[in-house]
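Structural features, examined
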Amino acid sequence: MTRPRAPQRAWRRNWRTVLACAALLLIWQAAAMWLKREELPTAWETLRDVPVILSNGEDVLGILASLRRMALGFGLGLLVAVPLGLAMGRSKPLARLLNPLTALAYPIPKAALMPIIMLWLGIGDLSKVLVIFMGVSLPLLYHSSQGAEQVDDKLIWSAQAMGMGRLARLLRVILPAALPEVMLGCRVAISIALITMISSEMIARQNGAGNLLFNAMDMAIYTDVYAVMLIIAVIGVALDVLMERLRAALTHWADTLQPGSTS
């Protein structure tokens with residue numbers, strides 16, 4: 001029995017996603033019409049409000065500012081946490097030193113640190129970027145460490161025998177071999193970055209999508225509240241799809257090594 005071709009599988013997945021979203025909107029519309037509460041506008045009213053928000057230049061600039069902070073925090077996490085995680089995966093003394101600290105920091109909601117960071121750095125972009133960086137660093141650190149730990153020692157020995165230094169081995173041998181796990185960490189981290197970005201902007205209200213959401217709540221403009229939430233959800237889905245496609249492009253060789261895969 002032949003397996004469905006990749007385009008066919010993608011088409012079926014896309015249609016299932018569209019049908020699921022349509023069903024959710026229909027349930028939302030029916031619930032809002034039945035309950036008739038001001039706090040729950042209908043799906044149609046909310047969808048109609050989305051282009052109104054996106055046509056407002058100030059609101060769009062705020063959303064773009066949010067994405068810029070998110071990109072800075074995520075990029076800083078990649079630069080710091082990924083190399084450190086790879087080093088932890090190949091160095092047991094370093095892992096023993098840092099693992100207790102990461103285990104202690106993992107359950108702490110990073111947005112909860114925002115008031116303390118605001119006392120140090122104010123309410124500007126630096127505070128928000130730092131909180132996003134802290135949020136994304138732990139999954140990047142963990143998955144990078146796991147990926148490096150699983151690298152075949154023979155690859156490291158061969159590179160060492162060829163005269164490669166530690167940094168060269170890290171970048172040219174360990175990182176490519178650990179890339180599937182690193183990209184999994186990136187996919188987790190991008191979702192955490194979005195959540196942390198919104199949370200930090202709702203606490204340090206200056207501008208951005210979180211501030212836009214909180215202002216609409218303060219003024220009881222509930223269609224705007226739900227419309228901004230929809231925009232944030234679409235951004236999250238788009239970033240997740242983009243990260244998954246990037247993972248598939250960079251680690252396509254790893255998919256062929258999975259059990260049950262066909263060449």
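Scope of this entry: the structure provided in the associated data block. Residue positions within a chain follow its written sequence, with the count starting from 1. Restriction of local features to residues with pLDDT of at least 70 applies here, the model being predicted, together with a cutoff of 80 or more for giving and counting side-chain atom pairs; totals for whole chains, interfaces and linings are based on all residues. Hydrogens and water molecules were not included; the side-chain quantities draw on all heavy atoms of the structure.

**Points about the overall build of the protein chain**
- Under the scheme used here, helices are H or I runs from DSSP no shorter than 4 residues and strands are E runs no shorter than 2 residues, and both carry numbers assigned from the N terminus. Secondary structure assignment for the protein chain yields 11 helices and 0 strands.
- Starting at the N terminus and ending at the C terminus, the protein chain contains elements arranged as α-α-α-α-α-α-α-α-α-α-α.
- Type-normalised accessible area, obtained with a 1.4 Å probe on protein chains alone, sets the label of each residue: buried when under 20%, exposed when over 50%, and partly exposed for intermediate values. Split into buried and exposed, the 263 residues of the protein chain put 35% on the buried side.
- Sequence-distant contacts, at least 24 apart, represent 71% of the contacts inside the protein chain between residues at least 6 apart.
- Each accessible area is a Shrake-Rupley estimate made with a 1.4 Å probe; only the visible protein chains count as cover when residues are assessed. Of the roughly 16,100 Å² of accessible surface on the protein chain, a fraction of 68% belongs to carbon and sulfur atoms.
- Side-chain charges in the protein chain split into 24 positive and 17 negative, and the spacing between the mean points of these groups amounts to 12 Å. Only heavy atoms matter for contacts: two residues are in contact if any of them lie within 4.5 Å across the pair. Counted as positive: Lys and Arg. Counted as negative: Asp and Glu, with His and the chain ends omitted from the count. Lysine's charge is taken at NZ, arginine's at CZ, aspartate's at CG and glutamate's at CD.

**Section: the pattern of salt bridges**
- Salt bridges are counted wherever a side-chain nitrogen of Lys or Arg sits within 4 Å of a carboxyl oxygen of Asp or Glu. Taken as a whole and judged by the stated rule, the model has 7 salt bridges.
- A salt bridge links Glu-39 to Arg-37; the nearest nitrogen and oxygen atoms lie 3.5 Å apart.
- For the salt bridge of Arg-69 with Glu-201, the shortest nitrogen-to-oxygen distance reads 2.6 Å. On the criterion of sequence distance, the pair formed by Arg-69 in helix α3 (residues 57–90) and Glu-201 in helix α8 (residues 166–203) is long-range, its members being 132 residues apart. For the pair formed by Arg-69 and Glu-201, the shared burial category is buried.
- Look at the salt bridges and you will find they share partners, linking Arg-68, Arg-69, Asp-125 and Glu-201 into a network.

**Some details on the environment of Leu-40**
- With respect to the secondary-structure elements, Leu-40 resides in the loop between α1 (6–35) and α2 (43–54).
- Between the alpha carbons of Leu-40 and Val-225 there is a distance of 9.9 Å; along the sequence they are 185 residues apart.
- Ignoring anything within four residues of it in the chain, the contact list for Leu-40 reads Trp-28, Ala-31, Ala-32, Leu-35 and Tyr-226.

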